[in-house]
Amino acid sequence: MSTSSAPISAANRHAIAVVVDNESGVLSKVIGLFSGRGYNIESLTVCSINASDTVSRITIVTSGDDMTVEQIKAQLARLVPVHGVEDLSQQGEHIEKEMALVKIVAKGVERREALRVANIFGAKVSDTTLSSFVFNLSGSSRKLDAFIAMMRSLGEIEIARSGVVALNRGEEVFSRHR
Amino acid sequence: MSSSSLTGAEVVVKALIDQGVECIFGYPGGAVLPIYDALFQQNRLRHILVRHEQGAAHAAEGYARASGKVGVLLVTSGPGATNAVTGLTDALLDSVPIVCITGQVPLHLIGTDAFQECDTTGITRACTKHNYLVRRPEVLARTLHEAFSIARSGRPGPVVVDLPKDVQFALAPYVAPDNIRHRTYRPPSTPDARAIVQAAEALLVAKKPIIYAGGGVINSGDEASRCLKSLVDTTNFPITLTLMGLGGVPSSMRQFLGMLGMHGTFEANLAMHHCDVMLCVGARFDDRVTGRLDAFAPNAQKIHIDIDPSSINKIVRADIKICADAGLALKELLRVWQSLAQDKKTAQGKALVRWWQQIDEWRKRNSLAFRADDKKIQPQEAIRRLVQATQHRAVRITTEVGQHQMWAAQHFPFEKPRRWMTSGGLGTMGYGLPAAIGVQLAYPRELVIDIAGEASILMNMQELSTAVQQRLPVKVFILNNQYMGMVRQWQELLHGGRYAESYTASLPDFVKLAEAYGARGLRATKPSELDDVIAQMIEHPGAVLADICVDQHANCFPMIPSGAAHNEMLLGDEQQAEVSDDGKMLV
Ligand SMILES: Cc1ncc(C[n+]2csc(CCOP(=O)(O)OP(=O)(O)O)c2C)c(N)n1
Ligand SMILES: [Mg+2]
């Protein structure tokens, strides 16, 4: 989804959590803001987070210099259905996880090797046939990248990734304030 | 939930009345017929039938900007909605509170490419502050009230409410507007006390301060203008205003340096360039104001007051950030300033004397001077005469876009806010006439003049018919140079004088055109005819088109060519400067 292909260095990479009203059009408002103003999106995930499905949390991984990231947050915050914007990367300790489903089609040595590598990574087998596996792995995006790269060298693959979700460490609860 | 014997359409009318709306601008069509039917059966809301939905949007803008209230337009689905898009975008860029109600095909047809269906909320997502598609009659009344609250609060802007036709027919519960606001949207309002003290302290030690104020002051309300004037009076700091901010302080104030930016005065731009502390209030460092960014006020400490957090640090890094309503912030700043040590103010007074001496030197350059002619009407002269003829009247000015707009901004003085309505951010040709209609409706007894160009006026000429129907005595003062003058000026500067398509052959005879619409047409071709034509225009009790045939080759100076800095102004009397390649890229 990235609008520029430059790799995101750790220093200017930000994971931003946006809590929004779960109303129709809100996702297009958020995405439209990024495309309309030329900001990067490396990853975007969204799902409702309360029992009545009225509030959603969008996690966006983006990048830019300090002024751009400050702009991104200010622009997000001023969208009417946005309750709050939190820059997890700026606040320090946080957890980022992503999930991938990786299908590999391979036989013989490659197939056995794929299973061994999956074991090393801690991937679970979600589906198997005599000539394929679907692995299910979660962890940091980097870990997923590494796993996928190895799988790719062992056979034909198909991948589905969830995109990053992120949460602060510690007892602070962000959405409680909103 | 009170009475549920109303239809959705009746709820719309009731909600508008309860919001204090007196008139709405609109154009009927299949998808809004239930609302038109409800309008027909009441007499509290006045409906102004425009001739094109773009006209409705600009008229609503003009009404809103002059009155300070929310402007309302009602248009049908599909082409009705898409025709309103330019006006919505204009309102977004100039922070004008309007609510646009659009009809939509019935819910079960949405997504089927039904007749006159368009994805209105999708199309207007990027040109509204917020938009809604109302899917249930139960939320209709609340949504409408919320739309008004969002349009007028914080940084104002346009809000679209898209209403499927079946929702208009369905029975819908009504709720009154009392205390209805968005569940979570809370724009900033009061300033941070510490930042205000910091700002006051920074201003107190400034040797070359300047106040740079914009439309945020006007939008905040008259109290903001009063506070700003008091601040200028008590500090004796020079002040410059943006195109959107004109009227924010009386232009007769000695400390007022005129407008700044691309066509700003020599003294305003140089004072900006050389200042050491800049107080920016309700302005957003637009590229028409800053010129080349890396040379913008290079030595200044910058204080930025803005109600929109995303305006702060967007273009120019602010040293002191005050995210608040301009009026509240100015009031606090004034209060803190008054409590500051007198001896420091006295010391500053001495530094200010030198700063004013410098500014007065720049002022002597008289950068708005022009040579009046007795054969050809100079456009600036035409505006000066208009000023003279109207100076003892309550007058409100709108404009189109181009040279005439800049000359009007330079030469028409405004003593009060909300007297000047121009399309600043979007620069929309065709804005001025419909806007004037809106202004005239808000102030029926005042003199409302659209200072126009002959090219721009043709973009929404049809609205003269609206003015005539409603007996609105708007005056259109066309500075007719037969060119898209501003385009021609850029072609002269940047493209070797190759005037591609900027000359309009076959212009209509504006006098006959006015008559065809049932308005009055007047023409002046010589300077000696000007005063008489202006007098007739003012005296005529109805709408007038005055065709003022001006010098075709006059250019608008001063000018900071795109990509140049504030101290690289062209004054019009020297050799033409080279424009950098980077500058040519800019619009
Ligand atoms: C809708 C629209 N289209 C194009 C432009 C680009 N543009 C800016 S000024 C201008 C010429 C305006 O000519 P006129 O109304 O005669 O005014 P003048 O500059 O001659 O005073 C044009 C075409 C615009 N601002 N708006
Ligand atoms: Mg012209």
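Throughout what follows, the structure given in this document is the object of discussion.

The rules behind the values
Residues numbered from 1 in each chain as written. Chains lettered and ligands numbered in written order. Predicted model: local features only at pLDDT ≥ 70, side-chain atom pairs only at ≥ 80, totals over all residues. Heavy atoms only, no water. Helix = DSSP H or I, 4+ residues; strand = E, 2+ residues; numbered from the N terminus. Rg over C-alpha atoms; globule rule 2.2 N^0.38 Å. Buried < 20%, exposed > 50% of the residue type's maximum accessible area, 1.4 Å probe, protein only. Areas by Shrake-Rupley, 256 points an atom, 1.4 Å probe, with all protein chains shown as cover. Contact = heavy atoms within 4.5 Å. Donors = N, O, S within 2.8 Å, 3.2 Å for Na, K, Ca; no water. Tetrahedral: all angles 85-135°; square planar, octahedral: opposite > 155°, others 65-115°. Buried area = accessible area lost by both parts, 1.4 Å probe. Salt bridge = Lys/Arg side-chain N within 4 Å of Asp/Glu carboxyl O. Near = heavy atom within 4 Å. Polar contact = N/O pair within 3.5 Å; in protein donor to acceptor, adjacent residues only side chain to side chain. Axes fitted to C-alpha atoms, helices over the stretch in contact; angles between N-to-C directions. Parallel < 35°, antiparallel > 145°, perpendicular 65-115°, else oblique. Nonpolar A, V, L, I, M, F, W, Y, C, P; charged D, E, K, R; others polar. Pairing = 2+ DSSP bridges. Phe/Tyr/Trp six-rings, centres within 6.5 Å; stacked < 30°, edge-to-face > 60°. Lys NZ or Arg CZ within 6 Å of the ring centre and 35° of its normal.

1. Overview of the overall build of chain B
Thinking step 1. Scanning chain B for helices and strands turns up 23 helices and 18 strands.
Thinking step 2. The C-alpha radius of gyration of chain B comes to 24 Å, within 12% of the 25 Å expected for a compact globule of 587 residues.
Thinking step 3. Taking all 587 residues of chain B together, 61% fall into the buried category.
Thinking step 4. Put simply, chain B shows about 22,800 Å² of open surface, and 51% of that area lies on carbon and sulfur atoms.

2. Remarks on the side chain of His411 of chain B
Thinking step 1. Take His411 of chain B: it is sitting in helix H16 (residues 403-411).
Thinking step 2. Not counting the four nearest positions on each side in its chain, His411 of chain B is found in contact with Leu368, Phe370, Gln380, Ile383, Arg384 and Val387 of chain B.

3. What about the coordination of the magnesium ion (ligand 2)?
All names here are of chain B.
Thinking step 1. At 2.0 to 2.6 Å from the magnesium ion (ligand 2) lie its protein donor atoms, namely Glu454 (OE), Glu454 (OE), Asn481 (OD1) and Tyr483 (O).
Thinking step 2. Classification of the site at the magnesium ion (ligand 2) as irregular follows from its six donor atoms and the range of 52 to 172° in their angles at the metal.
Thinking step 3. Linear spacing of the donor residues for the magnesium ion (ligand 2) on their chain is E-x26-N-x1-Y. In this pair, Glu454 sits in helix H18 (residues 454-457) while Tyr483 sits in the loop between strand S16 (475-480) and helix H20 (485-494), placing the two residues 29 residues apart along the sequence.

4. A short note on the interface of chain B and chain A
Thinking step 1. Tallying the contact residues gives 21 residues for chain B and 16 residues for chain A.
Thinking step 2. Of the roughly 1,600 Å² buried where chain B meets chain A, counting both sides, 51% is carbon and sulfur surface.
Thinking step 3. Three residues stand out in chain B for area buried against chain A, namely Arg125, His130 and Ser310 of chain B, and they jointly supply 32% of the buried area on that side.
Thinking step 4. There are two salt bridges connecting chain B and chain A.

5. A closer look at the site of ligand 1
Residues and elements named next belong to chain B.
Thinking step 1. Close to ligand 1 lie 17 residues; Gln403, His404, Gly427, Ser456 and Gly485 are nearest.
Thinking step 2. One of the side-chain nitrogen or oxygen atoms of Ser456 is found 2.6 Å away from an oxygen atom of ligand 1.
Thinking step 3. Interatomic distance of 2.7 Å between a backbone N/O atom of Gly485 and an oxygen atom of ligand 1.
Thinking step 4. Isolated, ligand 1 exposes 580 Å² of accessible area, and the fraction of that covered by the protein chains is 77%.
Thinking step 5. Mapped by element, the contributors of at least two residues to the shell around ligand 1 are H16, H18 and H20.

6. Focus on the packing of helix H3 (residues 108-121) of chain A against helix H4 (residues 141-152) of chain A
Residue and element names in this part refer to chain A.
Thinking step 1. Relative to each other, H3 and H4 sit at 170°, their axes nearing to 10 Å. Between H3 and H4, the angle falls in the class roughly antiparallel. Of the residues in H4, those touching H3 at Ala114, Val117, Ala118 and Phe121 are Lys143, Ala146, Phe147, Met150 and Met151.
Thinking step 2. Here the residues of the contact of H3 with H4 are counted per class, giving eight nonpolar, no polar and one charged.

7. Overview of the sheet that holds strand S4 (residues 82-87) of chain A
Residue and element names in this part refer to chain A.
Thinking step 1. Spatial strand order, S2-S3-S1-S4: four strands in an open sheet with antiparallel pairing. Bordering the open sheet on either side are strand S2 (43-48) and S4, each of which pairs with just one other strand. Shown here is a sheet whose adjacent strand axes are inclined to one another by a mean of 15°, direction ignored.
Thinking step 2. In terms of strand pairing, strand S1 (residues 13-21) meets strand S3 (residues 55-63) through nine bridges, oriented antiparallel. When the sheet's bridge partners are listed, Arg13 is paired in S3 with Ser63.
Thinking step 3. Contacts between helix H1 (residues 26-36) and the sheet are confined to S1, S2 and S3, with S3 contributing the most and set at about 15° to the helix.

8. Regarding the sheet that holds strand S12 (residues 320-323) of chain B
Residues and elements named next belong to chain B.
Thinking step 1. Sheet architecture is open: six strands sit in the order S9-S8-S7-S10-S11-S12, paired in parallel fashion. Each end of this open sheet is capped by a strand with a single partner; those strands are strand S9 (256-259) and S12. With strand direction ignored, the average angle separating the axes of adjacent strands in the sheet is 15°.
Thinking step 2. Against the sheet, helix H11 (residues 266-274) contacts strand S7 (209-213), strand S8 (239-241), S9 and strand S10 (277-281), and its axis sits at roughly 105° relative to S9.

9. Some words on the packing of aromatic side chains
Thinking step 1. As enumerated under the stated definition, the model contains 13 aromatic pairs over all chains in all.
Thinking step 2. Measuring from centroid to centroid gives 5.8 Å for Phe34 of chain A and Tyr39 of chain A, while their planes differ by 80°, and the two rings are edge-to-face.
Thinking step 3. The class of Phe34 of chain A is buried, set by a relative accessible area of 1%.
Thinking step 4. On the numbers, 5.0 Å between centres and 70° between planes, the contact of Tyr483 of chain B with Tyr503 of chain B is edge-to-face. With a gap of 20 residues between them, Tyr483 of chain B in the loop between S16 and H20 and Tyr503 of chain B in the loop between H20 and helix H21 (510-516) connect regions that are remote in the sequence.
Thinking step 5. Judged by relative accessible area, Tyr483 of chain B falls into the buried class, the value being 12%.
Thinking step 6. Taking NZ or CZ as reference, Arg488 of chain B lies 5.4 Å from the ring centre of Tyr483 of chain B, over its face.

10. Quick notes on the pattern of salt bridges
Thinking step 1. The tally for this structure, following the rule as stated, stands at 30 salt bridges over all chains.
Thinking step 2. Between Glu98 of chain A and Arg161 of chain A there is a salt bridge, with its nearest N and O atoms 2.9 Å apart. Here Glu98 of chain A is found in strand S5 (residues 94-105), whereas its partner Arg161 of chain A is found in strand S8 (residues 156-161), with 63 residues between them in sequence.
Thinking step 3. Here Glu492 of chain B ties to Arg488 of chain B by a salt bridge, and the two come within 3.7 Å at their closest N and O atoms. Residue Glu492 of chain B and its partner Arg488 of chain B are both found in helix H20; the two are separated by four residues, about one turn of the helix.
Thinking step 4. For Arg488 of chain B, a relative accessible area of 0% translates into the label buried.

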